[in-house]
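One-letter residues, chain by chain:
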Amino acid sequence: MSRFSLRTIVNRYDTAIWVRVFGTILTTVAGFMIKPFLVLYLYNKLGGAVLLPMVILGLQSASGVLLNLWGGSLTDRYGRRPLMLIALSIEMLAMIGFMFADSVWEFALFATLNGVGMALFFPAANAQVTDVVPEEKRAEVFALLHTALNVGAAAGPLLGLAVFKYSPQLVFAISAGAFLIYTLIVWWKVPETLPVGVRDKKLRSQAPKLRFREHRKLFWLTLYALPVGMLYAQVESTFPLHLKDTFENYQSVFAWLMTINGTTVILLQMWIARYTEHLAPHKVIFASYCLFAIVAVGYGFAPAFALLVLVELAFTLGEMMNGPHIQKAVSLMAPPEMRGRYFSVFSLNWQLSRAVGPFLGGLVLTEWGGQSLFAILAGCLLAAGWAQYRLIRSLQAKQSEPVGMAVAAE
């Protein structure tokens, strides 16, 4: 019976999805071995400079912003598989470069390369999900990938702490090896999934342009997602500094909150995805924005660790509801010949928020304090959530129109 159940689970998704799940776990475990300690590593390597490490890390997001749209266009033109292979190879080279880098320019170069790799990979990989997964299972698959990502978030930091004490270069070597293995598995097991009609040379040579007027709902969807990205950006930058003013053991508090988040996602993400799969997406997404607004208030004003734990659980529930359904909404909006570009445009909300979020949050934190920062963010989340609710509801109404009505409307 167990063997049948395992076979049923394996057969539920395309091979390309399982490769993505395995590769995500492999590379994110390695990535989270590095992420918490990279600032300290750069700080020591660059002679105790504080600003330079922040600038170098910001280059990853900045390069992603510049190349995101181009990466999506390339995957719609040349296919998902080649872009994924190129992107993973670039990220592997970036990790090898970090092993031997000594000067600020070398670190800047390899941080930029890493950002380029991410900007090329995710539009292609997410478009591939849309290619091979039926509409009714897409939120579930995006939830599965989010679960895989959080395996790395839960396990990576503890492993990285142990290995970094022994040899920082070894952590970069492990990450490079993870990208190499992922590249080889994609090359071996993942076929091209670009729809056959889109592969036609004439169609590819005359690829339609992504004009704002014709695709404005995608751009509005992306704009309304920015406050969520800003919340994540503050968690990675200003939130620990705010905790420092409230809790004496702020580092332990922050570490425990991240562990609670990652572990809860691993345990509940698939159940939440299946439970909400058939609910109206605009309602699920609006509920997630409301949870994020509560979280922002909690981050800013919670006076005790126990209350922060409840806030973190609300954050985790919000991200488990938001991520799969918002990506499914993008997949439903995207024409087959523009899926890569649609995911590229939408992922700009993450790139932009991580590029400017820490700086803007730092300004507000410095001038008015953490409570004001998170109160402003809560207001932005509520406003954006309502706008997102209205937009996605209108998209759902349009998609449910009978074919005859749609043709008559044209």
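Note that this is a predicted model, so its numbers are computed, not measured. (Residues numbered from 1 in each chain as written. Predicted model: local features only at pLDDT ≥ 70, side-chain atom pairs only at ≥ 80, totals over all residues. Heavy atoms only, no water.)

Enquirer: Where do I start with the overall build of the protein in this structure?
Expert: Assigned secondary structure in the protein consists of 17 helices and zero strands. Considering the protein as a whole, with its 410 residues, one finds that 50% of them fall into the buried category. The long-range share in the protein, meaning contacts at least 24 apart out of those at least 6 apart in sequence, stands at 84%. Here the protein displays about 19700 Å² of accessible surface, and carbon together with sulfur accounts for 68% of that area. (Helix = DSSP H or I, 4+ residues; strand = E, 2+ residues; numbered from the N terminus. Buried < 20%, exposed > 50% of the residue type's maximum accessible area, 1.4 Å probe, protein only. Contact = heavy atoms within 4.5 Å. Areas by Shrake-Rupley, 256 points an atom, 1.4 Å probe, with all protein chains shown as cover.)

Enquirer: When you look at the packing of aromatic side chains in this model, what are you seeing that I'm missing?
Expert: What describes a pair of aromatic rings is the distance from one ring centre to the other and the angle between the planes of the rings. What the rule picks out here adds up to 20 aromatic pairs. Here F121 and Y182 contribute two aromatic rings whose centre-to-centre distance is 5.9 Å and whose plane-to-plane angle is 65 degrees, an arrangement assigned as edge-to-face. With F121 in helix 5 (residues 104-132) and Y182 in helix 7 (residues 168-189), this pair connects stretches of sequence that are 61 residues apart. Pair check on accessibility: F121 and Y182 agree, each one buried. Of note, K189 hangs over the ring of W188, and the distance from its end group to the ring centre comes to 4.7 Å. (Phe/Tyr/Trp six-rings, centres within 6.5 Å; stacked < 30°, edge-to-face > 60°. Lys NZ or Arg CZ within 6 Å of the ring centre and 35° of its normal.)

Enquirer: Got a minute to help me understand helix 7 in this structure?
Expert: Working note: α-helix, 3.6 residues per turn, so residues spaced by three or four point in the same direction. Taking 1.5 Å per residue, 22 residues should reach 32 Å; helix 7 reaches 32 Å between its end C-alpha atoms and fits that length. Within the span of helix 7, buried status applies to V171, F172, S175, A176, A178, F179, Y182, T183, I185 and V186. (Expected span 1.5 Å × (residues − 1).)

Enquirer: When you look at the pattern of salt bridges in this model, what are you seeing that I'm missing?
Expert: Side chains bearing opposite charge may pair, as long as their charged atoms lie close to each other. In the structure shown here, the tally under the stated rule is four salt bridges. Notably, a salt bridge pairs R80 with D76, separated by 3.0 Å at the nearest N-O pair. Of the two residues, R80 and D76, both sit in the buried class. Across the salt bridge formed by R274 and E140, the nearest N and O atoms sit 3.7 Å from each other. With R274 in helix 12 (residues 250-276) and E140 in helix 6 (residues 138-166), the pair connects residues that are 134 residues apart, well separated along the chain. Judged by relative accessible area, which is 47%, R274 ranks as partly exposed. Among the residues examined, E140 registers a relative accessible area of 3% and is labelled buried. (Salt bridge = Lys/Arg side-chain N within 4 Å of Asp/Glu carboxyl O.)

Enquirer: Sorry, what's going on with the environment of N322 here?
Expert: Relative to the helices and strands, N322 is located in helix 14 (residues 305-333). Residue classification places N322 among the buried positions, given a relative accessible area of 8%. Along the primary structure N322 and A273 are separated by 49 residues, whereas in three dimensions their C-alpha atoms are 9.8 Å apart.

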